[in-house]
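The chain contents come next:
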Amino acid sequence: EAQVTQNPRYLITVTGKKLTVTCSQNMNHEYMSWYRQDPGLGLRQIYYSMNVEVTDKGDVPEGYKVSRKEKRNFPLILESPSPNQTSLYFCASSSTTEQPTDTKYFGPGTRLTVL
Amino acid sequence: GQQVMQIPQYQHVQEGEDFTTYCNSSTTLSNIQWYKQRPGGHPVFLIQLVKSGEVKKQKRLTFQFGEAKKNSSLHITATQTTDVGTYFCAGITWGYGNKLVFGAGTILRVKS
(Lines give C-alpha, C1' and ligand atoms only; values in the text may rest on other atoms or scores of the structure.)
Protein backbone atom coordinates (compact mmCIF):
# COMPACT_ATOMS: atom_id res chain seq x y z
CA GLU A 1 0.00 0.00 0.00
CA ALA A 2 1.31 3.42 -1.01
CA GLN A 3 1.82 5.49 2.08
CA VAL A 4 3.74 8.12 3.99
CA THR A 5 4.51 7.19 7.58
CA GLN A 6 5.53 9.45 10.43
CA ASN A 7 6.82 8.68 13.89
CA PRO A 8 6.02 9.42 16.56
CA ARG A 9 2.35 10.32 16.11
CA TYR A 10 2.25 12.16 19.44
CA LEU A 11 5.08 13.66 21.44
CA ILE A 12 5.25 15.77 24.57
CA THR A 13 8.68 17.13 25.36
CA VAL A 14 10.40 19.94 27.22
CA THR A 15 12.15 23.05 25.99
CA GLY A 16 15.64 22.43 24.70
CA LYS A 17 15.51 18.65 24.42
CA LYS A 18 16.55 17.66 20.90
CA LEU A 19 14.06 15.55 18.99
CA THR A 20 13.62 13.98 15.56
CA VAL A 21 10.39 13.23 13.76
CA THR A 22 10.86 10.59 11.11
CA CYS A 23 9.12 10.47 7.75
CA SER A 24 9.27 7.65 5.26
CA GLN A 25 7.50 7.00 1.95
CA ASN A 26 7.35 3.78 -0.05
CA MET A 27 6.44 5.29 -3.41
CA ASN A 28 9.92 6.18 -4.67
CA HIS A 29 8.94 9.85 -4.73
CA GLU A 30 11.62 12.43 -5.44
CA TYR A 31 9.91 15.36 -3.75
CA MET A 32 9.29 15.47 0.00
CA SER A 33 8.36 18.29 2.34
CA TRP A 34 7.43 19.18 5.89
CA TYR A 35 4.53 21.39 6.97
CA ARG A 36 3.23 22.63 10.26
CA GLN A 37 -0.46 23.27 10.82
CA ASP A 38 -1.70 25.83 13.30
CA PRO A 39 -5.30 26.98 13.83
CA GLY A 40 -6.26 29.79 11.47
CA LEU A 41 -2.95 29.64 9.61
CA GLY A 42 -3.42 26.63 7.38
CA LEU A 43 -0.37 24.60 6.47
CA ARG A 44 2.99 26.34 6.27
CA GLN A 45 5.96 24.75 4.62
CA ILE A 46 9.04 24.27 6.78
CA TYR A 47 11.52 22.58 4.42
CA TYR A 48 11.36 20.67 1.20
CA SER A 49 13.62 18.35 -0.76
CA MET A 50 13.67 17.89 -4.52
CA ASN A 51 15.80 14.74 -4.31
CA VAL A 52 18.53 13.03 -2.29
CA GLU A 53 20.98 15.53 -0.79
CA VAL A 54 18.92 18.47 -2.13
CA THR A 55 16.98 20.44 0.48
CA ASP A 56 15.70 24.00 0.68
CA LYS A 57 13.91 26.27 3.11
CA GLY A 58 10.18 26.77 3.06
CA ASP A 59 8.30 29.64 4.66
CA VAL A 60 9.03 28.88 8.32
CA PRO A 61 12.41 27.09 8.56
CA GLU A 62 13.70 28.77 11.73
CA GLY A 63 14.39 26.27 14.50
CA TYR A 64 14.26 23.23 12.22
CA LYS A 65 16.72 21.10 10.30
CA VAL A 66 16.22 18.36 7.77
CA SER A 67 18.32 15.84 5.90
CA ARG A 68 17.77 13.68 2.83
CA LYS A 69 20.38 10.94 2.76
CA GLU A 70 18.03 8.38 1.25
CA LYS A 71 15.20 8.85 -1.16
CA ARG A 72 12.58 7.32 1.09
CA ASN A 73 13.39 9.17 4.33
CA PHE A 74 13.13 12.84 5.25
CA PRO A 75 13.54 13.39 9.01
CA LEU A 76 12.69 16.68 10.71
CA ILE A 77 15.05 17.69 13.48
CA LEU A 78 14.38 20.18 16.25
CA GLU A 79 17.76 20.86 17.87
CA SER A 80 16.39 22.93 20.73
CA PRO A 81 12.59 22.88 20.73
CA SER A 82 10.68 25.85 22.11
CA PRO A 83 6.99 26.19 23.07
CA ASN A 84 6.21 28.12 19.86
CA GLN A 85 7.01 24.92 17.96
CA THR A 86 4.02 23.22 19.53
CA SER A 87 2.02 22.26 16.46
CA LEU A 88 0.70 19.53 14.22
CA TYR A 89 3.34 18.45 11.72
CA PHE A 90 2.78 16.77 8.37
CA CYS A 91 5.25 15.17 6.03
CA ALA A 92 4.28 14.95 2.36
CA SER A 93 5.67 13.44 -0.82
CA SER A 94 4.93 13.68 -4.51
CA SER A 95 5.70 11.65 -7.57
CA THR A 96 7.14 13.87 -10.27
CA THR A 97 10.08 16.13 -10.84
CA GLU A 98 8.41 17.86 -13.76
CA GLN A 99 5.91 19.38 -11.37
CA PRO A 100 7.59 18.91 -8.01
CA THR A 101 4.75 20.58 -6.18
CA ASP A 102 2.22 17.91 -7.12
CA THR A 103 1.96 17.19 -3.43
CA LYS A 104 -0.57 14.45 -3.23
CA TYR A 105 0.35 12.24 -0.32
CA PHE A 106 0.42 13.40 3.27
CA GLY A 107 1.49 11.42 6.30
CA PRO A 108 -0.87 10.95 9.25
CA GLY A 109 0.63 13.83 11.24
CA THR A 110 2.67 14.25 14.41
CA ARG A 111 1.20 16.26 17.22
CA LEU A 112 4.05 17.88 19.13
CA THR A 113 3.74 19.68 22.45
CA VAL A 114 6.76 21.52 23.84
CA LEU A 115 6.45 22.47 27.51
CA GLY B 1 5.58 37.66 0.21
CA GLN B 2 3.20 35.41 -1.63
CA GLN B 3 -0.16 35.00 0.10
CA VAL B 4 -3.25 32.94 -0.53
CA MET B 5 -6.41 34.16 1.20
CA GLN B 6 -9.34 31.81 1.65
CA ILE B 7 -12.90 32.65 2.66
CA PRO B 8 -15.06 31.97 4.50
CA GLN B 9 -13.16 30.69 7.48
CA TYR B 10 -16.12 28.67 8.65
CA GLN B 11 -19.48 27.60 7.21
CA HIS B 12 -22.30 25.66 8.75
CA VAL B 13 -24.95 24.42 6.28
CA GLN B 14 -28.05 22.30 6.34
CA GLU B 15 -27.66 18.98 4.58
CA GLY B 16 -28.72 19.41 0.97
CA GLU B 17 -27.64 23.05 0.75
CA ASP B 18 -24.80 24.14 -1.49
CA PHE B 19 -21.40 25.30 -0.26
CA THR B 20 -18.67 27.41 -1.83
CA THR B 21 -15.19 28.36 -0.68
CA TYR B 22 -13.03 30.96 -2.43
CA CYS B 23 -9.31 31.51 -2.73
CA ASN B 24 -7.51 34.65 -3.81
CA SER B 25 -3.80 34.97 -4.43
CA SER B 26 -1.66 38.07 -4.16
CA THR B 27 0.29 36.87 -7.20
CA THR B 28 -0.53 35.10 -10.45
CA LEU B 29 -0.42 31.39 -9.84
CA SER B 30 1.09 28.67 -12.00
CA ASN B 31 -1.35 26.13 -10.63
CA ILE B 32 -3.67 25.60 -7.71
CA GLN B 33 -4.51 22.49 -5.76
CA TRP B 34 -7.38 21.63 -3.46
CA TYR B 35 -7.26 19.37 -0.43
CA LYS B 36 -9.77 18.03 2.06
CA GLN B 37 -8.93 17.27 5.67
CA ARG B 38 -11.42 15.33 7.76
CA PRO B 39 -11.52 16.10 11.50
CA GLY B 40 -8.48 14.46 13.11
CA GLY B 41 -7.12 13.40 9.73
CA HIS B 42 -4.52 14.51 7.26
CA PRO B 43 -4.97 16.55 4.07
CA VAL B 44 -6.06 14.49 1.10
CA PHE B 45 -5.42 15.75 -2.41
CA LEU B 46 -8.58 16.43 -4.40
CA ILE B 47 -7.51 18.07 -7.65
CA GLN B 48 -5.06 20.35 -9.42
CA LEU B 49 -5.98 23.14 -11.84
CA VAL B 50 -3.39 24.50 -14.26
CA LYS B 51 -5.08 26.36 -17.10
CA SER B 52 -6.61 29.81 -17.05
CA GLY B 53 -10.41 29.54 -16.76
CA GLU B 54 -10.26 25.80 -16.12
CA VAL B 55 -13.31 24.08 -14.66
CA LYS B 56 -13.21 20.52 -13.36
CA LYS B 57 -15.91 18.41 -11.76
CA GLN B 58 -15.79 15.48 -9.40
CA LYS B 59 -19.33 14.26 -8.79
CA ARG B 60 -20.91 17.02 -6.65
CA LEU B 61 -17.69 19.08 -6.47
CA THR B 62 -16.90 21.77 -9.04
CA PHE B 63 -13.51 23.46 -9.11
CA GLN B 64 -12.76 26.66 -11.01
CA PHE B 65 -9.56 28.53 -11.78
CA GLY B 66 -9.95 32.19 -12.64
CA GLU B 67 -9.08 33.69 -16.00
CA ALA B 68 -6.29 35.71 -14.44
CA LYS B 69 -5.06 32.68 -12.47
CA LYS B 70 -5.29 34.64 -9.23
CA ASN B 71 -8.42 33.10 -7.80
CA SER B 72 -10.16 29.77 -7.51
CA SER B 73 -13.30 28.29 -6.03
CA LEU B 74 -14.67 24.98 -4.87
CA HIS B 75 -18.43 24.49 -5.00
CA ILE B 76 -20.23 21.53 -3.47
CA THR B 77 -23.78 20.88 -4.63
CA ALA B 78 -26.28 19.38 -2.19
CA THR B 79 -23.93 18.83 0.72
CA GLN B 80 -23.92 15.58 2.63
CA THR B 81 -22.65 14.76 6.11
CA THR B 82 -19.67 13.03 4.50
CA ASP B 83 -18.54 16.42 3.17
CA VAL B 84 -17.67 17.59 6.67
CA GLY B 85 -14.06 18.74 7.06
CA THR B 86 -11.66 21.53 6.21
CA TYR B 87 -11.06 22.44 2.59
CA PHE B 88 -7.73 23.98 1.67
CA CYS B 89 -6.54 25.58 -1.50
CA ALA B 90 -2.82 25.70 -2.21
CA GLY B 91 -1.13 27.75 -4.87
CA ILE B 92 2.27 27.61 -6.49
CA THR B 93 4.01 30.39 -8.33
CA TRP B 94 7.13 29.54 -10.26
CA GLY B 95 9.91 31.85 -9.23
CA TYR B 96 8.79 32.04 -5.62
CA GLY B 97 10.96 29.14 -4.59
CA ASN B 98 8.46 26.71 -6.06
CA LYS B 99 6.72 26.63 -2.71
CA LEU B 100 3.17 25.43 -2.28
CA VAL B 101 1.37 28.15 -0.31
CA PHE B 102 -1.79 27.07 1.48
CA GLY B 103 -4.83 29.11 2.30
CA ALA B 104 -6.00 29.03 5.91
CA GLY B 105 -8.81 26.65 5.01
CA THR B 106 -12.60 26.68 5.24
CA ILE B 107 -14.18 24.51 7.90
CA LEU B 108 -17.44 22.98 6.68
CA ARG B 109 -20.02 21.60 9.09
CA VAL B 110 -23.20 19.95 7.81
CA LYS B 111 -26.38 19.66 9.86
CA SER B 112 -28.51 16.63 9.11
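For the structure itself, look to the data block above.
Asks: Sorry, what's going on with the nonpolar core here?
Replies: Residues Trp34 and Phe63 of chain B are the most contacted members of the largest nonpolar core, which totals 21 residues. Elements represented by at least two residues in this core include exactly β3 (19–25), β4 (31–37), β5 (44–49), β7 (61–65), β8 (71–76), β9 (85–92) and β11 (106–111) of chain B. Setting aside residues no more than four positions away along its own chain, Phe63 of chain B makes contact with Trp34, Leu46, Ile47, Leu49, Glu54, Val55, Lys56, Gln58, Ser73 and Leu74 of chain B. The next biggest cluster of nonpolar side chains, apart from the first, holds 19 residues, and it includes Met27, Ile46, Phe74 and Tyr89 of chain A.

Asks: Looking at this structure, I do not really get the layout of surface pockets. What am I missing?
Replies: Rolled over the atoms, a probe sized like a water molecule indicates the empty space that remains. Approximately 570 Å³ is the volume attributed to the largest pocket. Partitioning the lining of the largest pocket into residue classes produces 10 nonpolar, 14 polar and five charged. Lining the second largest pocket are 15 residues, and of these Leu41 and Arg44 of chain A together with Val4, Val101 and Phe102 of chain B lie nearest its centre. Considering only residue class, the lining of the second largest pocket consists of eight nonpolar, five polar and two charged.

Asks: Explain the interface of chain B and chain A to me, please; I cannot follow it from the model alone.
Replies: Bring the parts together and some accessible area is lost; that lost area is often taken as the interface size. Of the residues lining the interface, 20 residues belong to chain B; the matching set on chain A comes to 22 residues. Regarding the contact of chain B and chain A, the summed buried area is about 1700 Å², with carbon and sulfur atoms giving 56% of it. Run the count over chain B and chain A and you get zero salt bridges. At the surface where chain B touches chain A, the tally comes to one residue pair in polar contact (both at pLDDT 80 or more). Secondary-structure elements contributing two or more residues to the side of chain B that touches chain A are β4, β5, β9 and β10 (100–102) of chain B. Looking at the side of chain B that touches chain A residue by residue, the class counts come to 10 nonpolar, nine polar and one charged.

Thresholds applied
- Residues numbered from 1 in each chain as written.
- Chains lettered and ligands numbered in written order.
- Predicted model: local features only at pLDDT ≥ 70, side-chain atom pairs only at ≥ 80, totals over all residues.
- Heavy atoms only, no water.
- Core = buried A, V, L, I, M, F, W, Y, C linked by side-chain atoms within 4.5 Å.
- Buried < 20%, exposed > 50% of the residue type's maximum accessible area, 1.4 Å probe, protein only.
- Helix = DSSP H or I, 4+ residues; strand = E, 2+ residues; numbered from the N terminus.
- Contact = heavy atoms within 4.5 Å.
- 1 Å grid on protein atoms, 1.4 Å probe; cavity = no way out; pocket = protein on both sides within 12 Å on 5 of 7 lines; lining within 4 Å.
- Points joined across faces, edges and corners; volume = space filled by probe spheres on them.
- Nonpolar A, V, L, I, M, F, W, Y, C, P; charged D, E, K, R; others polar.
- Buried area = accessible area lost by both parts, 1.4 Å probe.
- Salt bridge = Lys/Arg side-chain N within 4 Å of Asp/Glu carboxyl O.
- Polar contact = N/O pair within 3.5 Å; in protein donor to acceptor, adjacent residues only side chain to side chain.

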